[in-house]
Protein chains: 2
Amino acid sequence: MTLTRKSLRQQIKEILLTRILQGEYQPGDRLIELQIAQEFGTSQAPVRESLRELEALGFVESIPYRGARVRAVSQQELAEVYPVRAAIEEVAARAAAARLAGDVSALEAEIAAMHRAADDGDLYAQVCHDVAFHRLIVEACGNRVLQEVWRSLRIEARTLISVVKTEIEPHQLADMHRPILEALRAGDGELAGRLLRQHVEFFGELVLKGEHA
Amino acid sequence: MTLTRKSLRQQIKEILLTRILQGEYQPGDRLIELQIAQEFGTSQAPVRESLRELEALGFVESIPYRGARVRAVSQQELAEVYPVRAAIEEVAARAAAARLAGDVSALEAEIAAMHRAADDGDLYAQVCHDVAFHRLIVEACGNRVLQEVWRSLRIEARTLISVVKTEIEPHQLADMHRPILEALRAGDGELAGRLLRQHVEFFGELVLKGEHA
DNA sequence: TGACTTTCGTTTATCGATAATTTATTCTTG
DNA sequence: CAAGAATAAATTATCGATAAACGAAAGTCA
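Per chain, the residues get numbers from 1 upward, laid out in the order the sequence is written. The order in which chains are written sets their letters, starting at A; the order in which ligands are written sets their numbers, starting at 1. Reporting of local features is limited, given that this is a predicted model, to residues whose pLDDT is at least 70; pairs of side-chain atoms are given and counted only at 80 or more, and all residues count toward the totals for whole chains, interfaces and linings. Side-chain measures here rest on the full set of heavy atoms in the structure, leaving out hydrogens and waters.

- As recorded by an unreviewed UniProt entry, chain A carries the name GntR family transcriptional regulator and is attributed to Thermogemmatispora tikiterensis.

Structure representation (structure tokens):
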């Protein structure tokens, strides 16, 4: 009788992903199938499938017969995400304005949480709530394809890197979300979209500037 | 000595994908691992991995212990692709205008090919060149992330469905691309982006209208 | 010495078989 | 006859072992 509800593949994938996101595995580190299998007391097969999934998600890259490594996210790639994000979040905001019907309480809560995190000097929490704010808008838009694309950008994993490299006053960062929220409250999707696009593009430019550091 | 250069997994994946795209496997059809393995004379493992990849690509969906099926693309999903496509192709066109430096010969060739296909009444070829036109712009933009997202929309697989359901005169369809080309030739990214966005949105609306059919 | 070949250890890719799970079917039992 | 338990059939998930490919190190010959 197993206590586990999920498949081994799923469990292993999640553990590996956690390790990658938390930096336990560094970019470039090799992920050797049998070695990992041994650690978890499983056979090679589920580990192999996990790695393939992580490869599809873009966290790992592998070469035939040479194995898998943690993928390094280049500064260029990081910067390239922003124009795409800006464009699809604009679309999301336009659609979200109508569907939210002025109910922006969840967004309000995220801004408040950002301020709390800023007070505590908890950078990680601040990033989480920042991302959550954006995710709420994307999820409110009702377009599944858009949501899937947004998720595929893996913004959680990348934003953290960006923020660390930029130098913005945390409370100011939180307040930058307020005009977007107000536009959504007013049901003005056109405005909300434009503001959100500019907001995201602004950070894209910050990343570009940080490139010389 | 094997004649095959690629891994079994890769080969099987490609064959299965072809069958799905060509409609040999219909949406909802079950893909049974051992059955496929037997057909190709391999073991279950490479088939299984192929199915997992196709699942990640969105062509197949699977439920634990219940197997994989060819994924059905709903009309809704089809319609939802267009706003996303419109947004990212707009970004692509803006960037492409600068990088093409007025060299639109490849685009010109695709429009010509569309007309030839229209003359031949070859709908499939027409769709291919239509998609190729858009792909050329996306590839010219230089943003790898954007390209990856565009590919993930699997426009080849979906456009075919759309076109079949719409009733546009083929030559007219081809000519609709010309203003975009001219804007790119003139290096006016802003205009090219706007035109391309409208162009894609136009088809999105066609799909919506066809929904009642 | 230096380019080429061979050998060896490591790791992935594939295999064949078994365990686990689901669905359908048959068998109770009231 | 219907509801539920037990069983059977089909299929996926996992295993342990083997084959194939790669990279590095040792060996060979001019």
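So that's the structure; there's more coming.
1. Examining the overall build of chain A
Turning to step 1, where the next piece is worked out: Numbering of helices and strands starts at the N terminus; helices are DSSP runs of H or I of at least 4 residues and strands are runs of E of at least 2. Regarding its fold elements, chain A presents 11 helices and 3 strands.
Turning to step 2, where the next piece is worked out: If you list the helices and strands of chain A from N to C, you get α-β-α-α-β-β-α-α-α-α-α-α-α-α.
Turning to step 3, where the next piece is worked out: Projecting the C-alpha coordinates of chain A onto the three principal axes gives extents of approximately 55 × 45 × 35 Å.
Turning to step 4, where the next piece is worked out: Put simply, of all contacts in chain A between residues at least 6 apart along the chain, 72% involve residues at least 24 apart.
Turning to step 5, where the next piece is worked out: Accessible surface, chain A: about 11,100 Å² in total, of which carbon and sulfur atoms supply 53%.
Turning to step 6, where the next piece is worked out: Averaged over its 26 positive side-chain charges, chain A has a centre that lies 7 Å from the centre of its 32 negative ones. What makes two residues a contact is simply this: any of their non-hydrogen atoms within 4.5 Å. Surface accessibility follows the Shrake-Rupley procedure with a 1.4 Å probe radius. Residue values consider only the protein chains on display as shielding. Residues counted as positive are Lys and Arg, residues counted as negative are Asp and Glu, and His and the chain ends are not counted. The atoms used to mark charge sites are NZ of Lys, CZ of Arg, CG of Asp and CD of Glu.

2. Some thoughts on the relation of the copies chain A and chain B
Turning to step 1, where the next piece is worked out: The atoms used to superpose the copies are C-alpha atoms, taken from residues with pLDDT of at least 70 in both, and the fit is least squares. Superposition of chain A onto chain B requires a rotation of 180° combined with a translation of 0.0 Å along the rotation axis, giving an RMSD of 0.1 Å. Taken together, the rotation and translation relating the two chain copies correspond to the operation of a two-fold axis. Taking the C-alpha atom as reference, chain A places A87(A) closest to the rotation axis, 2.8 Å from it.
Turning to step 2, where the next piece is worked out: When the interface residues of chain A are mapped onto chain B, 100% of them again fall at the interface, so both copies present the same face.

3. What about the side chain of E33(B)?
Turning to step 1, where the next piece is worked out: Structurally, E33(B) can be placed in helix α2 (residues 33-40).
Turning to step 2, where the next piece is worked out: Here E33(B) is in contact with Q44(B), V47(B), R48(B) and L51(B), once residues within four sequence places are set aside.

4. Quick notes on the sheet that holds strand β3 (residues 67-70) of chain A
All names here are of chain A.
Turning to step 1, where the next piece is worked out: Strand order across the open sheet formed by 3 strands is β1-β3-β2, with antiparallel pairing between neighbours. Two strands close off the open sheet at either side, each with one partner strand: β1 (30-31) and β2 (60-63).
Turning to step 2, where the next piece is worked out: For two strands to count as paired, DSSP must find a minimum of two bridges between them. Pairing of β2 with β3 involves 4 bridges; the strand directions are antiparallel. What sits directly across from S62, in β3, is A68.

5. Examining the protein's contact with DNA strand C
Turning to step 1, where the next piece is worked out: As a structural note, the neighbourhood of DNA strand C is formed by 21 residues, with R48(A), Y65(A), L8(B), S43(B) and R66(B) the closest of them.
Turning to step 2, where the next piece is worked out: The sugar-phosphate portion of DNA strand C accounts for 83% of its atoms within 4 Å of the protein, the bases making up the rest.
Turning to step 3, where the next piece is worked out: Between R48(A) and DNA strand C, the recorded distance is 2.4 Å, taken from a side-chain N or O atom to a phosphate oxygen.
Turning to step 4, where the next piece is worked out: Counted as a polar contact is a pair of N or O atoms within 3.5 Å, where, for protein atoms, one must be capable of donating a hydrogen and the other of accepting one, and residues adjacent in sequence contribute only when both atoms are in side chains. Between R66(B) and DNA strand C, the recorded distance is 3.0 Å, taken from a side-chain N or O atom to a phosphate oxygen.
Turning to step 5, where the next piece is worked out: At the level of elements, β1, α2 (33-40) and α3 (44-57) of chain A together with α1 (8-21) and α3 (44-57) of chain B are the ones that each hand at least two residues to the surface near DNA strand C. Summary of the distance rule: residues count as near a molecule or strand when at least one heavy atom falls within 4 Å of that molecule or strand.

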